[in-house]
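Fold and contact review
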Amino acid sequence: DYKGVFPDNAQDLKKLPGIGDYTAAAIMAIAFNKPANVVDGNVERVMARIFNVQAPVPDSKPLLKELAENMADGEKNRAGDYAQSLMDLGATICTPQSPKCGVCPVQTFCDGRKAGEPEKLPIRIAKGIKPQKHGFVYWITNENNEILFERRVEKGMLGGTIGLPTSLWVEKDTKKPHLPIKMTPKPTKIKVMHSFTHFDLELVGVKARLEKSMASFDKDYFWVTIDKAGELGLPTLFKKAFKQFV
């Protein structure tokens, strides 16, 4: 029996690892049948439509949570059933596209439906177009069939991580690879796409082979066999590139 052992109040529940406001409220309502404000994306959408909230998200999130709380406070006897039914309403009937208003149990007091365009709620601020950056990623091998990796400088994107060598990442697309030292590049059809928070990146794959007679690289570069590459802890960008080259 979890009662008497598991915390039965939101404050203590949120002290447990991995439990935040939403999970604590869900436990309070569903496990202990206590009034709680269980708000996920589905519930936010239901509130925006019922009350015809015209303020865009995410700015309207505090208001949507407050509206949901006002409704939840009124249910004392079947708090768990209420919380689950509200979430199910948003997941199955009050859906993001083509809501099923004709069978909705709350259609008679839904201001969004009365306004005529509930599917447009909640209003979302259009995301700006991210800058596009371009560059090259290099697959450089030696006579031992090892691959060249580099430890990236501490400052900058992916600072201090290990990855395949790349050119600079620039906004103007360039057609000419700039290898770490003078080698003959072999273009490939490999393209590695990755999205960062502030820009999208496209790297074109280039292969090259270092012969014994060629100069060595500085301390930021090192050779690794393919079977050991998985132990390097590569960032996602370079995992994508590695899989395409192999």
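Residues numbered from 1 in each chain as written. Predicted model: local features only at pLDDT ≥ 70, side-chain atom pairs only at ≥ 80, totals over all residues. Heavy atoms only, no water.

1. Regarding the packing of aromatic side chains
As a reminder of what qualifies: Working definition: a ring pair exists when centres of Phe, Tyr or Trp rings (six-membered ring for Trp) sit within 6.5 Å. Plane angles under 30 degrees give stacked, over 60 give edge-to-face, the rest tilted. Under the DSSP-based scheme used, a helix requires at least four consecutive residues in state H or I and a strand at least two consecutive residues in state E, with every element numbered from the N terminus. Any Lys NZ or Arg CZ found within 6 Å of a ring centre and within 35 degrees of that ring's normal is scored as a charge over the ring.
Evaluation of the coordinates by the stated rule reveals six aromatic pairs. An angle of 25° between the planes, with centres 6.5 Å apart, marks the rings of Phe149 and Phe222 as stacked. Taken as a pair, Phe149 in strand β2 (residues 147-151) and Phe222 in strand β6 (residues 221-224) lie far apart in primary sequence, 73 residues in all. When the ring centre of Phe199 is taken as origin, the NZ or CZ atom of Lys133, which lies over that ring, is 4.5 Å away.

2. Quick word on the nonpolar core
In globular proteins that are soluble, nonpolar side chains generally tend to be buried together. Inclusion rule: Side-chain atoms within 4.5 Å are what join buried Ala, Val, Leu, Ile, Met, Phe, Trp, Tyr and Cys residues into a set we call a nonpolar core. Under the scheme applied here, a residue whose accessible area is under 20% of the maximum for its type counts as buried, over 50% as exposed, and between as partly exposed, the area being computed with a 1.4 Å probe on protein chains only. Contacts are assigned to residue pairs that have any heavy atoms within 4.5 Å of one another.
Val38, Val43, Val46, Met47, Leu86 and Leu89 are the most contacted members of the largest nonpolar core, which totals 33 residues. Elements represented by at least two residues in this core include exactly α2 (21-30), α3 (41-50), α4 (61-72) and α5 (79-92). Top contributing element to this core by residue count: α2, with six residues. Ignoring anything within four residues of it in the chain, the contact list for Val38 reads Tyr22, Ala25, Ala26, Ala29, Val43, Ala83 and Met87. Residues Trp169, Leu201, Leu234 and Phe242 belong to the second largest nonpolar core, which totals 21 residues.

3. A closer look at the environment of Val170
With respect to the secondary-structure elements, Val170 resides in the loop between β3 (162-163) and β4 (186-195). Linking Val170 and Glu202, residues 32 residues apart in sequence, is a C-alpha distance of 9.9 Å. Excluding residues that lie within four positions of it along the chain, Val170 makes contacts with Gln132, Lys133 and His134.

4. Focus: the side chain of Thr95
In plain terms, the rule: Within 3.5 Å is the distance limit for a polar contact, defined as a pair of N or O atoms, with the added protein rule that one can donate a hydrogen and the other accept it, and that residues adjacent in sequence qualify only through two side-chain atoms.
Note on placement: Thr95 falls in the loop between α5 and α6 (111-115). Accessibility expressed as a relative area gives 12% for Thr95, which makes it buried. Of note is the side chain of Thr95, whose polar atom sits 2.9 Å from the backbone oxygen of Gln97. Leaving out residues up to four positions away in the same chain, Thr95 has contacts with Arg45, Arg49, Gly90 and Lys100.

5. Examining the packing of α2 against α5
Let me state the cut-off plainly: Simply put, an axis is a line fit to the C-alpha atoms, just over the touching stretch for a helix, and the angle between two N-to-C directions goes from 0 to 180 degrees. An angle below 35 degrees is read as roughly parallel, one above 145 as roughly antiparallel, one from 65 to 115 as roughly perpendicular, and any other as oblique. Throughout, the ten residues Ala, Val, Leu, Ile, Met, Phe, Trp, Tyr, Cys and Pro are labelled nonpolar, Asp, Glu, Lys and Arg are labelled charged, and all others, Gly among them, are labelled polar.
The contact between α2 and α5 brings their axes to 7 Å, and the two run at 130°. The orientation of α2 relative to α5 falls into the category oblique. Across the interface between the two elements, Tyr22, Ala29 and Ile30 from α2 touch Ala79, Gly80, Ala83, Gln84 and Met87 from α5. Its residues placed into classes, the contact of α2 with α5 shows six nonpolar, two polar and no charged.

6. Notes on the pattern of salt bridges
Cut-off, in case you're wondering: Any carboxyl oxygen of Asp or Glu within 4 Å of a side-chain nitrogen of Lys or Arg constitutes a salt bridge here.
Taken as a whole and judged by the stated rule, the model has five salt bridges. A salt bridge links Arg78 to Asp81; the nearest nitrogen and oxygen atoms lie 2.9 Å apart. On the basis of relative accessible area, Arg78 is assigned to the exposed category, the value being 53%. A residue is classified by how much of its surface remains accessible, and Asp81, at 39% relative accessible area, is partly exposed. The salt bridge involving Lys120 is made with Glu117; its shortest N-O contact spans 3.1 Å. Look at Lys120 and you get exposed, because its relative accessible area is 51%.

None of this, on its own, says anything about what the molecule does.
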